[in-house]
Amino acid sequence: MSKDAPIRVVLVDDHEMFAQGLAVILGADPMIEVVATAGTVEAGCAAVRLHSPDVVLMDFELPDGDGAGATERIKADVPEAQVVMVTSFDDEAVLVRAIEAGCSGFITKHKAAQEVAAAVRAANAGEALISPSMLARLLPRLRQNPRGLGADLTPREVEVLKLLAGGASNQQIADALVLSLHTVRNHVQNVITKLGAHSKLEAVATAVREGIIRHA
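The structure contained in this document is the topic of the report that follows. (Residues numbered from 1 in each chain as written. Predicted model: local features only at pLDDT ≥ 70, side-chain atom pairs only at ≥ 80, totals over all residues. Heavy atoms only, no water.)

### What to know about the layout of surface pockets
Then step 1. Here the largest pocket defines a volume of roughly 650 Å³.
Then step 2. Taken together, 23 residues make up the lining of the largest pocket; nearest its centre are Gln-82, Asn-124, Ala-125, Gly-126 and Gln-189.
Then step 3. Broken down by secondary-structure element, the contributors of at least two residues to the lining of the largest pocket are helix H5 (113-124), helix H9 (181-194) and helix H10 (200-209).
Then step 4. The residue inventory of the lining of the largest pocket, partitioned by class, reads 9 nonpolar, 9 polar and 5 charged.
Then step 5. One number sums up the size of the second largest pocket: a volume of about 260 Å³.
Then step 6. Along the walls of the second largest pocket sit 15 residues, with Leu-95, Phe-106, Ile-107, Thr-108 and Met-134 positioned nearest its centre.
Then step 7. Among the elements that make up the lining of the second largest pocket, the one with the highest residue count is strand S7 (residues 105-108) (3 residues). (1 Å grid on protein atoms, 1.4 Å probe; cavity = no way out; pocket = protein on both sides within 12 Å on 5 of 7 lines; lining within 4 Å. Points joined across faces, edges and corners; volume = space filled by probe spheres on them. Helix = DSSP H or I, 4+ residues; strand = E, 2+ residues; numbered from the N terminus. Nonpolar A, V, L, I, M, F, W, Y, C, P; charged D, E, K, R; others polar.)

Below, the structure written as structure tokens:
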């Protein structure tokens, strides 16, 4: 996507009025284009394959499955798409499943429209959409399933991982390590690639499971 092109979004939610209203609100932002809406896992995955969006806003409860399962399929089909879970749930088990599936973060359905638009922009920029306090609550619940990943991480990349696990943004990591934002982005992408992850959150989850970093 060119720097000036709008962020392409697919909405997946079975509440038609909510999805249509959110599409209108997001469509009013000149930097966001809603390219499709869908009400089921199957329709959502098909829309993502067809449109290759930058960001997918995904409901958790869908008639033919759930958002975590849909996210896994989307990440297999279009790995560069950032999936944000839009949910009324604050059940930690639900959120952990979303992280492990490769979601970039969460927003709740009662958030103001401008916050949803900001979340789309942040997800498109590769940021993790989760508060540090919520991340700290969820990390101990991640399933332990070591696969021997991360042996090739450099000491600097492990430092970056630890800051990500504390909820730091790319800019905050750059400030903490006295690095350029460009360098931090490269480190973050290297971490994600080496851990076989699809997002910052999934990279942190994998690092905790592998014992590379410890949760607080």
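From this point, the narrative continues.
### Examining the packing of helix H2 (residues 41-51) against helix H3 (residues 67-77)
The packing of two helices is summarised by the inter-axis angle and the distance between the axes.
Then step 1. In contact at an axis separation of 10 Å, H2 and H3 are set at 20° when each is read in the N-to-C sense. Compared by their axis directions, H2 and H3 come out roughly parallel. The chirality of how H2 crosses H3 is right-handed. Counting all contacts with H2, which are made through Val-41, Glu-42, Cys-45, Val-48 and Arg-49, the residues of H3 involved are Ala-70, Arg-73, Ile-74 and Asp-77. (Axes fitted to C-alpha atoms, helices over the stretch in contact; angles between N-to-C directions. Parallel < 35°, antiparallel > 145°, perpendicular 65-115°, else oblique. Left-handed = near helix turned anticlockwise from the far one by under 90°. Contact = heavy atoms within 4.5 Å.)

### Section: H5
Then step 1. A rise of 1.5 Å per residue sets the reference length of H5, with its 12 residues, at 16 Å; its end C-alpha atoms lie 17 Å apart and thus fit the reference within 8%.
Then step 2. Val-116, Ala-117, Ala-119, Val-120 and Ala-123 are the residues of H5 that are buried. Considered in projection along H5, the buried side chains sweep an arc of 155° and stay on one side of the axis.
Then step 3. The inward-facing, buried residues of H5 contact strand S1 (7-12), helix H1 (16-27), strand S2 (32-38), strand S3 (55-59), strand S6 (82-87) and S7.
Then step 4. Positive phi shows up at Gly-126, right after H5, with a value of about 90°. (Expected span 1.5 Å × (residues − 1). Buried < 20%, exposed > 50% of the residue type's maximum accessible area, 1.4 Å probe, protein only. Arc of directions from axis to C-beta.)

### Examining the packing of helix H7 (residues 155-165) against H9
Then step 1. Where H7 contacts H9, the axes come no closer than 9 Å and their chain directions differ by 95°. Considering the angle they form, H7 stands roughly perpendicular to H9. Here Arg-156, Glu-157, Val-160 and Leu-161 of H7 lie close against H9, whose contacting residues are His-187, Val-188, Asn-190, Val-191 and Lys-194.
Then step 2. Residues that form the contact of H7 with H9 fall into these classes: 4 nonpolar, 2 polar and 3 charged.

### Overview of unusual backbone geometry
Then step 1. Even without being glycine, Ser-52 reaches a positive phi, approximately 45°.
Then step 2. Tracing the backbone shows Ser-52 in the loop between H2 and S3.
Then step 3. One non-glycine residue, Val-178, adopts positive backbone phi at about 55°.
Then step 4. With respect to the helices and strands, Val-178 occurs in the loop between helix H8 (170-177) and H9.

Keep in mind these values describe shape, not function.
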